[in-house]
Amino acid sequence: MKQQPLKILVVEDEPDQRSLITKMLAANGYQVSSASSVEEAIVMIKSDLPDLVFSDWKLGQLSGMDLLIYVRREHPDMGFIIATAYGTITHAVDAMQAGADDYLAKPYQRQSLLLAIDKVAKSLVLKKQNRRLTSELSQQQELVGLVGKAPCMQKVYTRVQRVSATDATVLIGGESGTGKELAARALYQLSQRKHKPFIAINCGAIPESLAEAELFGAEKGAFTGATALKIGKLEAADGGTVFLDEIGELPLLQQTNLLRFLQEGVISRLGQNGEIKLDVRVIAATHRDLQHEVKEGRFREDLYYRLNVVPIHMPPLRERQEDIGRLVEHFLKLNSSQYKMDAPKLSAATMKQLLDYPWPGNVRELANRIERFVLLGDEEEMVEELSGQPRPINTSQFSLPETGIEWEAFEKDCLEQAMNKHQGNRTKAAKFLGLSYKAFLYRLEKYHLV
Ligand SMILES: Nc1ncnc2c1ncn2[C@@H]1O[C@H](COP(=O)(O)OP(=O)(O)OP(=O)(O)O)[C@@H](O)[C@H]1O
């Protein structure tokens, strides 16, 4: 940041509160000015640009949100922190989506405000660097390992770059294999936490009985078999970033513990009386429709809002067909250098088949196929496999009855038929239905077919 003290504009219509905040910030070495309304703030911004605005939400006729919209439009690099009234989480979500760098829910501690300002100040430097990079590569072909030039990927890049410099919680959605983990790593690489730990946790892979100890830790003797103190993953990531993959699979009890951590910044190890304050940025990902999970009572609504402060959607590969050629080239190069082999050539006819293929397993499937192609050099095998894949149903050949159908009974029947057709071979049955093995197994379990 600059050598001079950070210039902060405080916008608060309550005179006592305004004077209190102004004095407190000045006492902490900041250069502070203040305004009592949105209109006055805009006049002041025009005459002397602050580095950061700290605004209350409620400001007479207009609101802090109006000021935020003005600031983002006119001064995209200016820091902005907003104070929202107690319990109005939707305000916070709206403000973060409109580009606020952080929010404080009232009543907040003076220390929380100083911490938020400090974080935003650090992120301003990165934000400026990232903005420079974005303008240098206005049509980016890739971002920290994420390859793709399609407009839907440009949206992903813009959002990743925009929020990487903040500590905002990010929820990454999208089908399996679309690059959710890669996007989370890109967010981390571009953040000021990149020299601190990045811990990835697959919430779907931890047995429910061990989930609490895994995530939050356990004191010695907290349960049978806990022979030593166990540090949980969140604590191990202190100062850094945690990536909670498959967050939709997190057991309800752990959802409550995670919510507490996101709201209060503290955890307690299993069997611990006190609490531990942690500084961890949370990035979560899921292939599920979490709003649907909330409706079904399997996911806490308040946690959903806390996580979904900034949503990022990873598009399926079939929606960015123009990137397939680029990805094929990327994986040909990557694998041939990894295996120290020459990259085999692809014929135009094979390339066309790759372009036409619907890629149900998304980039992961493409990466695996190209890896095998580099190792075996067998173009014919690859082409055969592609054409042997199930095609999406043409709805003109298969239309739903007027009376509707019982979806779950239908799905169960499809699973059973596929299993019978392949003599109980799950791998083949999954492939027959165009499902990943994991997705197939999940469905078998759902219908008690295993
Ligand atoms: N845009 C991309 N550019 C380059 N490689 C990619 C891209 N997207 C995905 N990949 C690669 O595809 C594989 C799967 O990606 P990743 O694990 O990030 O997907 P995911 O959405 O998290 O999958 P899942 O939901 O199954 O965990 C990885 O090998 C990753 O490197």
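All of these numbers come straight from a predicted model, not from anything done at the bench.

(A) Here's a closer look at helix H17 (residues 407-421). Here H17 contains 15 residues, and its C-alpha end-to-end distance of 21 Å stays within 8% of the 21 Å for a straight helix at 1.5 Å per residue. Buried within H17 are the following residues: Glu411, Leu415, Ala418 and Met419. All buried residues of H17 project into a common sector of 100° when viewed along the axis, lining one side. In this structure, H17 carries Gln417, Asn420 and Lys421 as exposed residues pointing more than 90 degrees from its buried face. On its buried face, H17 is in contact with helix H18 (426-432) and helix H19 (437-446). Where H17 terminates, the next one or two residues include Gln423, which has phi positive at roughly 50°.

(B) Structural context of the domain arrangement of the chain. Domains assigned within the chain are domain 1 (7-122), domain 2 (137-313), domain 3 (317-387) and domain 4 (407-446). Just the C-alpha atoms count here: the centres of domain 1 and domain 2 sit 27 Å apart. Each partner contributes residues to the interface: domain 1 has 10 residues there, and domain 2 has 12 residues. Roughly 970 Å² of surface becomes buried between domain 1 and domain 2 when both sides are summed, with 55% attributable to carbon and sulfur atoms. The interface formed by domain 1 and domain 2 includes one salt bridge. Lys119 is the salt-bridge partner of Asp167, the closest N and O atoms lying 3.5 Å from each other. Viewed at the interface, domain 2 and domain 1 are joined by three residue pairs in polar contact (both at pLDDT 80 or more). The leading source of residues in the side of domain 1 that touches domain 2 is helix H4 (residues 89-97), at four residues.

(C) Representation of the sheet that holds strand S10 (residues 170-173). Reading across the sheet, the five strands line up as S11-S12-S15-S10-S16 and stay open at both edges, with parallel pairing between neighbours. Among the strands making up the open sheet, the edge pair consists of strand S11 (198-202) and strand S16 (310-313). Put simply, the sheet's adjacent strands are angled 20° from each other on average, direction ignored. In the sheet, S10 pairs with S16 via four bridges, with the strands oriented parallel.

(D) Inspection of the site of the ligand at higher detail. Taken together, 18 residues are adjacent to the ligand, and Val147, Ser176, Gly177, Lys180 and Arg364 come closest. Ser176 places a side-chain nitrogen or oxygen 2.5 Å from an oxygen atom of the ligand. Protein chains shield 85% of the accessible area of the ligand, which is 630 Å² for the free molecule. Mapped onto the shell around the ligand, the elements with two or more residues apiece are strand S9 (146-147), helix H7 (180-189), helix H13 (324-338) and helix H15 (362-376). Here the shell around the ligand takes three residues from H7, the largest share from any one element. When grouped by side-chain class, the residues that make up the shell around the ligand number six nonpolar, five polar and seven charged. Per-domain counts for the shell around the ligand show at least three residues from each of domain 2 (137-313) and domain 3 (317-387).

About the cut-offs
Residues numbered from 1 in each chain as written. Predicted model: local features only at pLDDT ≥ 70, side-chain atom pairs only at ≥ 80, totals over all residues. Heavy atoms only, no water. Helix = DSSP H or I, 4+ residues; strand = E, 2+ residues; numbered from the N terminus. Expected span 1.5 Å × (residues − 1). Buried < 20%, exposed > 50% of the residue type's maximum accessible area, 1.4 Å probe, protein only. Arc of directions from axis to C-beta. Contact = heavy atoms within 4.5 Å. Domains from an automatic or database assignment. Buried area = accessible area lost by both parts, 1.4 Å probe. Salt bridge = Lys/Arg side-chain N within 4 Å of Asp/Glu carboxyl O. Polar contact = N/O pair within 3.5 Å; in protein donor to acceptor, adjacent residues only side chain to side chain. Pairing = 2+ DSSP bridges. Axes fitted to C-alpha atoms, helices over the stretch in contact; angles between N-to-C directions. Near = heavy atom within 4 Å. Areas by Shrake-Rupley, 256 points an atom, 1.4 Å probe, with all protein chains shown as cover. Nonpolar A, V, L, I, M, F, W, Y, C, P; charged D, E, K, R; others polar.

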